Amino acid sequence: MAQKHMSAVKDFMDYVTARNPHEPEFLSAVREVAETVIPFIEENPKYKGKKIMERLVEPERVIMFRVPWVDDKGEIQVNRGYRVQFNSAIGPYKGGLRFHSTVNLSVLKFLGFEQIFKNSLTSLPMGGAKGGSDFSVRGKTEAEIMRFSQAFMQELFRHIGPDTDVPAGDIGVGGRELGYLFGMYKKLKNEFTGVLTGKGAAWGGSLIRPEATGYGVVYFAEAALNHMGKTIKGMEVAVSGFGNVSWGVVKKVNQLGGKVVTLSGPDGYIYDPDGVKGEKVDFMLRLRASNQDIIRPYAEKFGVEFFPGKKPWERKVDLAIPCAIQNEFDENDARMVVQNKVIGVVEGANMPLTHEAVQIIQENRLLYVPGKAANAGGVAVSGLEMSQNAMHLQWSAEEVDRRLKQIMENIHRNTLKYGMLPDGYVDYKKGANIAGFIKVADAMLAQGVV
Ligand code: GLU
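Residues numbered from 1 in each chain as written. Predicted model: local features only at pLDDT ≥ 70, side-chain atom pairs only at ≥ 80, totals over all residues. Heavy atoms only, no water.

1. What to know about the packing of aromatic side chains
Throughout the structure, instances matching the rule amount to 24 aromatic pairs. Considering the side-chain rings of Phe-113 and Phe-117, the 5.2 Å spacing of their centres and the 70° angle between planes classify their relative orientation as edge-to-face. One end of the pair, Phe-113, and the other, Phe-117, are both in helix H4 (residues 105–121), 4 residues apart, so they sit about a helical turn from each other. For the pair shown, Phe-113 and Phe-117 are each scored as buried. Aromatic ring contacts, followed pair by pair, group Phe-65, Trp-69, Phe-99, Phe-135, Phe-148 and Phe-152 into a single cluster. We note Lys-140 situated over the ring of Phe-135; from NZ or CZ to the ring centre the distance is 4.9 Å. Seen from the ring of Trp-395, Arg-403 lies directly overhead, with NZ or CZ sitting 4.0 Å from the centre. (Phe/Tyr/Trp six-rings, centres within 6.5 Å; stacked < 30°, edge-to-face > 60°. Helix = DSSP H or I, 4+ residues; strand = E, 2+ residues; numbered from the N terminus. Buried < 20%, exposed > 50% of the residue type's maximum accessible area, 1.4 Å probe, protein only. Lys NZ or Arg CZ within 6 Å of the ring centre and 35° of its normal.)

2. Comments concerning the nonpolar core
Residues Val-249, Leu-263, Tyr-298 and Leu-319 are the most contacted members of the largest nonpolar core, which totals 64 residues. At 9 residues, helix H7 (residues 209–227) tops the list of elements feeding residues into this core. The residues contacting Tyr-298, other than those within four sequence positions of it, are Leu-263, Ile-270, Asp-272, Val-276, Lys-280, Phe-283, Leu-287, Gly-303 and Val-304. Of all hydrophobic cores here, the second largest spans 41 residues; its members include Val-16, Ala-29, Val-107 and Ala-441. (Core = buried A, V, L, I, M, F, W, Y, C linked by side-chain atoms within 4.5 Å. Contact = heavy atoms within 4.5 Å.)

3. Re helix H15 (residues 397–419)
Taking 1.5 Å as the rise per residue, H15 with 23 residues should run 33 Å; its terminal C-alpha atoms sit 32 Å apart, in good agreement. Among all positions of H15, only Val-400, Asp-401, Leu-404, Ile-407, Met-408, Ile-411, His-412, Thr-415, Leu-416 and Gly-419 are buried. Buried-residue contacts for H15 involve H4, H7, helix H8 (244–255), helix H13 (371–374), helix H14 (376–391) and helix H16 (428–447). (Expected span 1.5 Å × (residues − 1).)

Read these as geometric descriptors, not functional statements.
In structure tokens:
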């Protein structure tokens, strides 16, 4: 990076840090974008001097609220609810809800900020948002999850709407939780509308939405591999997590002839040399529904090795796809992956790699695809769900999958356009940030200072 660009990035980061001193996750998400987008702005008179980045890092609105509910023992519990409505330049606010013990304002601002660029990349008209609560489904009963979801919606409902803000799922919020959230919204508003996406197929949901994030990740990985003259067919893949994203990744890798050999949880990882396939894929859903958040039962049921407290990145595989949570993959993992001659790392989760890990992977010229490009298939099919709801119809699974594949290939082309370096290496981070930025920035400029 040129010296003048480096100091522009530094000045900007000092400014953002001073305004958000206690938000490390948010600051690192901003830094990822600033390092690639600020040099681009500096070189483009159209964007220079318009304070677009200063405006972008300030959410349009943050809603924080109390979520009181009664547990099965009759005790009152109090959680904190949030919705960060970050940017609506290109469409209604759109982004998931996360129920997890690590949720706080910094985490949701990081996710909401990422969502602006991700949604822009899909080419569908969706602004950026994120929300959730520090509630964890771990160890909760079905009835408790229902009561909490209902209490959460009792406040959120007044801030969302099909043309205002359309939440969806994320970690800890799947079909079950979305059902309870939707039921309460419908009761309070007396309206059956497409206010949430990821709904059940029988009540306004899109087919393929549950699989979409993982399918999209693999479509993107395949496009990037094809660009390198390779294919996922015959490859061994290390995956972390065992939730919604991992599940979709496993299914699509299998369909394309690859093999997923690891899954993980907070307790460690399993190594399955035969590959996660057949009934093992369905077992992932049962594990998620058990609310225990551990992977060990997979090893016990299928007689494979379990490595307590370890991460899958120590395996010699062809491709690594982290699908669990932010910062799960650090610089040591990056060094291991380089040493093991892995082809690359494709992010299924949102920012699973630390800043240092990304640097090591890219310096060693391994393939690196950031989540905002690779996992955009989830929100893309959410966008398709919104279209189907608006038209009051439902497309077939084949139709949705075909459109998803097209969208992912389109994102790949777009990121390639801005990410190709003179030495032929593709910097997908740079490509995704700039391609995502242009559409939002153009809309903001057109709409004036609002
Ligand atoms: N939570 C997902 C994401 O990180 C999906 C959001 C949505 O469908 O609105 O993109």
